[in-house]
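# Coordinate inspection notes
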Amino acid sequence: GYISPHNFRNIVMAGLRLNKTEWVQNFIQDYQGKIHPNFQNDVYNYVSAVLSFHQKDYEKASDHINVINFIDPYYHLHYKILHIKIYYELKEYQTVESSLEAFRMFLYREKTISEDHIKSCQNFIQITKSLMRHHSYGKKLPNHLSEPLPINFLVAEREWMIEKVQQTLKKN
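Let me begin by describing the structure that accompanies this report. Just so it is clear, the model here is predicted, and its values are computed rather than measured.

### Points about the nonpolar core
Counting residues in each nonpolar core, the largest one holds 50 residues, and the members touching the most others are Phe8, Val12, Leu82, Phe103, Leu107, Phe124 and Ile127. Contributions of two or more residues to this core are made by α1 (5-17), α2 (21-31), α3 (40-54), α4 (58-65), α5 (73-89), α6 (93-109), α7 (115-137) and α8 (158-171). The element best represented in this core is α5, accounting for 9 residues. For Leu107, the contacting residues outside a window of four places in its chain are Leu77, Ile118, Cys121, Gln122 and Ile125.

In structure tokens, the structure reads:
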């Protein structure tokens, strides 16, 4: 049988959360052939982009992510978020701003995604926009971002978001 694209992604994400980078590299190489051929290239490129991002090789992550065709709406969500994070890290802020707007429109149009996922992505967009306004125009971050995010506050990529907000606050 095949490994589902979502299970493959979840295994990679779990390995990276545990900082098992070498294990993740080996898993991707050893098991990419276990993904259904219809999804194999996209899943391989997506998880390779995630791995490269984790290793802070943003250019390589960008190379991988730019050849992906979307598998389903949830993979599309993860793709959009990773795409934004890559260009944020590369300090390509104009690309981030246009990508945020495209992502917002995708969320508005997509009717198969759960409300919690949509809310978490909308919050990701709002906080990232605040960071962008700071970096691009010198605007102060909203006061509520200087406080820890409440546990029940839904936001995609929570750890990354907290890290970026804290880095920005330290620079001020």
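### Some thoughts on α7
Spacing of three or four residues puts side chains on the same side of an α-helix, whose turn is 3.6 residues. Its 23 residues place the ends of α7 32 Å apart at the C-alpha level, agreeing with the 33 Å of an ideal helix rising 1.5 Å per residue. Lining the buried residues of α7 we find α5, α6 and α8. Just downstream of α7, Gly138 is the residue with a positive phi angle, here 70°.

Rules of the game
Residues numbered from 1 in each chain as written. Predicted model: local features only at pLDDT ≥ 70, side-chain atom pairs only at ≥ 80, totals over all residues. Heavy atoms only, no water. Core = buried A, V, L, I, M, F, W, Y, C linked by side-chain atoms within 4.5 Å. Buried < 20%, exposed > 50% of the residue type's maximum accessible area, 1.4 Å probe, protein only. Helix = DSSP H or I, 4+ residues; strand = E, 2+ residues; numbered from the N terminus. Contact = heavy atoms within 4.5 Å. Expected span 1.5 Å × (residues − 1).

From the geometry alone we can't say anything about function, so treat these as descriptive.
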